Amino acid sequence: MFQRFYLSFGLILALTVLALGLCLVWGGFSRDTWPWLFPTAAAAGLALGAAAAIAFNYRVSSSLNEVTLGLQSIGMGLGGKKIFNDDPSPLGNLVRAFNLMATRLEERMELLERDRQQLLTMLSGMVEGVVALDNEQRILFVNERADSLLELSSAVGKRLWEVVRNPELRELAGQALEGKKPKLREISWPGEGKKRLTVHAARLEGARGAVLVIHDTTELRRLERLRQDFVANVSHELKTPLAVMKVCVETLLDGALDDQENAPHFLHRIQEQTERLNLLILDLLSLARIESGSELFEVAPVEVLQAAEQCVERHGDRARARGQKLVLQPMNGPLTPPPGLSALVDEESLLQILDNLVDNALKYSPEGKTIEVRYGVEGNQVILQVRDDGIGIPQEDLTRVFERFFRVDKARSRQLGGTGLGLAIVKHLVSAMKGTIRGESSPGHGSTFTVRLPMA
Ligand code: ADP
């Protein structure tokens, strides 16, 4: 401010003195010219000086105003706009420096925004939930996964304890904010299907807050439980025949071998249990191969009628021996199959599916009953149906019969030589052939298993 005042004052003075000097040179040093020449020169000098000072001040003020406006706009986060000034003076340098600074700042802001967007895209694409908290447990950020896992939508800005009822998660967040070491805990999350969540909570030293990374381990735990159940079931299934065989062998060794009358009975029992073990191991191997994906399926068009005929032929003698009727027939109405109807499947697997279903129908139907194998077409799917008038399956067990080792009546299944794995194998094979299976039943009236497979 003072600088501008001194500069203006100096300018006026210099121009006045210059005007005076010029007048003196022009008018000479005669006494006659003094009375009018001096005031005229002084007035002209003053006027010129004042005009020059006003112009100079105007220029300086407008440039400074523009710089001020630019800085204010940067301060408000709107970015600095460029100022045009080609003045070589220090003020021009200041304006150019401002322009350079505004350009650099804009570039930095763009870079920061791009990084921020990248980070947000990465976080929202993560399979883990991420929740960021400040030092007072106020929620700063929730990614989409955390939102769906913890149902935290519109929770940003609120405290964790206001929106989360689970005491374990709140306690974990508190511990992470207080302590130095990251915390890891598995918590159970109430709600639909009761989830198991593994939460990794760590304090953010620099940012003064904490971050929670949440993994949904529900499926993992379910699979673990299934594996444990499976191992327990297999052990149990192997233990029983082995125990029977052990007792029989010990009895024979203890002298029953010489007992002509009873020895064959024990040997027969051993043979029975060996057969049971054999069936169980074959089924287990088959299931393991299908599940691991190591079973090689040769998918090709297979004539459905031929496959069904083979199956009926194979089980014919057994059905006749039990006084049961095993019939093969096409479906009626709109489901009537065209001649040469083929499914796009692995032939051996299709035969195994039909064998298991017909075997069950024969096993769980009393003597004299009829078992129907039917085939038809619906849309672009081949339908195969095995229907019996047997003992049926209670409604609550209908979905469970496809589980490994699930039996409605354990004793009856064992007595009939069942392993409890037949329908599990069927289900896996049907899925591998990109098909579906459905069971319908009415206890005491029979069951129907319907398989849908892709048409060739
Ligand atoms: P299993 O070797 O015991 O027959 P599966 O896996 O083939 O094992 O079948 C599981 C259970 O489903 C059987 O133990 C039986 O209780 C029931 N089940 C299967 N098919 C039929 C059917 N056609 N009629 C009645 N019950 C059936």
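In this report, the structure presented in the accompanying data block is examined. Treat the numbers as computed from the prediction; the structure is a model and nothing was measured. (Residues numbered from 1 in each chain as written. Predicted model: local features only at pLDDT ≥ 70, side-chain atom pairs only at ≥ 80, totals over all residues. Heavy atoms only, no water.)

Some points on empty space enclosed by the protein
Thinking step 1. Tallying each qualifying case throughout the model produces two cavities of 30 Å³ or more.
Thinking step 2. Taken as a whole, the second largest cavity holds about 40 Å³ of empty space.
Thinking step 3. Lining the second largest cavity, in full, are Glu237, Pro241, Arg276, Leu280, Arg407, Arg414, Gly418 and Thr419.
Thinking step 4. Here the residues of the lining of the second largest cavity sort into two nonpolar, two polar and four charged. (1 Å grid on protein atoms, 1.4 Å probe; cavity = no way out; pocket = protein on both sides within 12 Å on 5 of 7 lines; lining within 4 Å. Points joined across faces, edges and corners; volume = space filled by probe spheres on them. Nonpolar A, V, L, I, M, F, W, Y, C, P; charged D, E, K, R; others polar.)

With respect to the sheet that holds strand S11 (residues 436-442)
Thinking step 1. Spatially, S7-S9-S10-S12-S11 is the arrangement adopted by the five strands of the open sheet, whose pairing is mixed. Two strands close off the open sheet at either side, each with one partner strand: strand S7 (325-330) and S11. Strand after strand, the sheet turns through a mean of 15 degrees between neighbouring axes, direction not considered.
Thinking step 2. One ladder, built from eight bridges, connects strand S9 (residues 370-378) with strand S10 (residues 381-388); its direction is antiparallel. Across the sheet, the residue bridging to Arg374 is Gln385, located in S10.
Thinking step 3. Lying over the sheet, helix H10 (residues 347-363) contacts S7, S9, S10, S11 and strand S12 (446-454), oriented at roughly 20 degrees with respect to S10. (Pairing = 2+ DSSP bridges. Helix = DSSP H or I, 4+ residues; strand = E, 2+ residues; numbered from the N terminus. Axes fitted to C-alpha atoms, helices over the stretch in contact; angles between N-to-C directions. Contact = heavy atoms within 4.5 Å.)

Quick word on the side chain of Ser365
Thinking step 1. In this structure, Ser365 sits in the loop between H10 and S9.
Thinking step 2. Not counting residues up to four positions away in its chain, the partners in contact with Ser365 are Arg322, Gln324, Ile371, Asp388, Asp389 and Gly390.

Focus on the site of the ligand
Thinking step 1. Around the ligand sit 21 residues in total, of which Asn360, Tyr364, Ser413, Thr419 and Leu423 are the nearest.
Thinking step 2. One nitrogen or oxygen atom from the main chain of Thr419 is found 2.9 Å from an oxygen atom belonging to the ligand.
Thinking step 3. Interatomic distance of 2.8 Å between a backbone N/O atom of Leu423 and an oxygen atom of the ligand.
Thinking step 4. Calculation on the ligand without its partners gives an accessible area of 530 Å², and the protein chains cover 97% of this total.
Thinking step 5. With respect to the pocket detection grid, the ligand is positioned in the largest pocket.
Thinking step 6. Listing elements by their share of the shell around the ligand, those giving two or more residues are H10, helix H12 (422-432) and S12.
Thinking step 7. At three residues, H10 tops the list of elements feeding residues into the shell around the ligand.
Thinking step 8. Taken together, the residues of the shell around the ligand sort by class into 10 nonpolar, eight polar and three charged. (Near = heavy atom within 4 Å. Polar contact = N/O pair within 3.5 Å; in protein donor to acceptor, adjacent residues only side chain to side chain. Areas by Shrake-Rupley, 256 points an atom, 1.4 Å probe, with all protein chains shown as cover. Sits in = over half its atoms within 2 Å of the grid points.)

Things to note about the sheet that holds strand S5 (residues 209-216)
Thinking step 1. Read from one edge to the other, the open sheet built from five strands follows the order S2-S1-S5-S4-S3, with strand pairing classed as antiparallel. Each of the sheet's edge strands pairs with one partner strand only, and the pair in question is strand S2 (139-142) and strand S3 (183-189). Across the sheet, the mean angle separating the axes of adjacent strands is 20 degrees when strand polarity is ignored.
Thinking step 2. Direction of pairing for S3 relative to strand S4 (residues 195-204): antiparallel, over a ladder of seven bridges. Pairing of Lys183 across the sheet is with Ala201, part of S4.

Some points on the packing of aromatic side chains
Thinking step 1. Here the structure, examined in full by the defined rule, presents two aromatic pairs.
Thinking step 2. Taking the centre distance of 5.8 Å and the plane angle of 35 degrees together, the rings of Phe230 and Phe405 count as tilted. Of the two residues, Phe230 is situated in helix H7 (residues 218-253) and Phe405 in the loop between S10 and helix H11 (410-415); the sequence distance between them amounts to 175 residues.
Thinking step 3. Among the residues examined, Phe230 registers a relative accessible area of 21% and is labelled partly exposed.
Thinking step 4. Ring centres of Phe402 and Phe449 lie 6.2 Å apart, and the angle between their planes is 85 degrees; on these two criteria the pair is classed as edge-to-face. Taken together, the positions of Phe402 in the loop between S10 and H11 and Phe449 in strand S12 put the pair 47 residues apart, joining distant regions of the chain.
Thinking step 5. Taking the relative accessible area as the measure of exposure, Phe449 reaches 8% and is therefore buried. (Phe/Tyr/Trp six-rings, centres within 6.5 Å; stacked < 30°, edge-to-face > 60°. Buried < 20%, exposed > 50% of the residue type's maximum accessible area, 1.4 Å probe, protein only.)

Describing unusual backbone geometry
Thinking step 1. With phi around 65 degrees, Gln137 is a residue other than glycine that occupies positive phi space.
Thinking step 2. Structurally, Gln137 can be placed in the loop between strand S1 (129-134) and S2.
Thinking step 3. Classification of Gln137 by relative accessible area gives buried; the value is 11%.

Concerning the packing of helix H8 (residues 263-292) against H12
Thinking step 1. Running from amino to carboxyl end, H8 crosses H12 at an angle of 25 degrees, the nearest separation of the two axes being 10 Å. Here H8 is positioned roughly parallel relative to H12, judged by the angle of their axes. Considering only the axes of H8 and H12, their crossing is left-handed. In this structure, H8 contributes Asp283, Ser286, Leu287, Ile290 and Glu291 to the contact, and H12 contributes Ala424, Ile425, His428 and Leu429.
Thinking step 2. Partitioned by chemical class, the residues of the contact of H8 with H12 number five nonpolar, two polar and two charged. (Parallel < 35°, antiparallel > 145°, perpendicular 65-115°, else oblique. Left-handed = near helix turned anticlockwise from the far one by under 90°.)

Let's talk about the nonpolar core
Thinking step 1. Counting residues in hydrophobic clusters, the biggest one holds 49 residues, and the most contacted among them are Leu350, Leu357, Leu384, Ile437, Val451 and Leu453.
Thinking step 2. Contributions of two or more residues to this core are made by H8, helix H9 (304-321), strand S8 (342-346), H10, S9, S10, H12 and S12.
Thinking step 3. Counting residues per element, this core draws most heavily on H10, at eight residues.
Thinking step 4. Residues in contact with Leu384, not counting those within four places in the same chain, are Val304, Leu350, Leu354, Arg374, Tyr375, Phe449, Thr450, Val451 and Leu453.
Thinking step 5. Grouped together as the second largest cluster of nonpolar side chains are 24 residues, Val142, Ala176, Ala201 and Ala210 included. (Core = buried A, V, L, I, M, F, W, Y, C linked by side-chain atoms within 4.5 Å.)

What about the environment of Val234?
Thinking step 1. Counting through the fold element by element, Val234 comes out in helix H7.
Thinking step 2. The exposure class of Val234 is buried, given its relative accessible area of 14%.
Thinking step 3. Spatially, the C-alpha atoms of Val234 and Lys194 are 28 Å apart, while their sequence positions differ by 40 residues.

Quick look at the pattern of salt bridges
Thinking step 1. Applying the stated criterion across every chain, the model contains 27 salt bridges.
Thinking step 2. Ionic pairing is found between Glu186 and Arg196, a salt bridge with its closest N-O pair at 3.0 Å. Residue Glu186 is found in strand S3, and its partner Arg196 is found in strand S4; the two are separated by 10 residues along the sequence.
Thinking step 3. Among the salt bridges present, the one from Arg412 reaches Asp409, with a minimum N-O distance of 3.7 Å.
Thinking step 4. Judged by its relative accessible area of 34%, Arg412 is partly exposed.
Thinking step 5. Several salt bridges share partner residues, and in doing so they unite Asp134, Glu136, Arg138 and Arg159 into one network. (Salt bridge = Lys/Arg side-chain N within 4 Å of Asp/Glu carboxyl O.)

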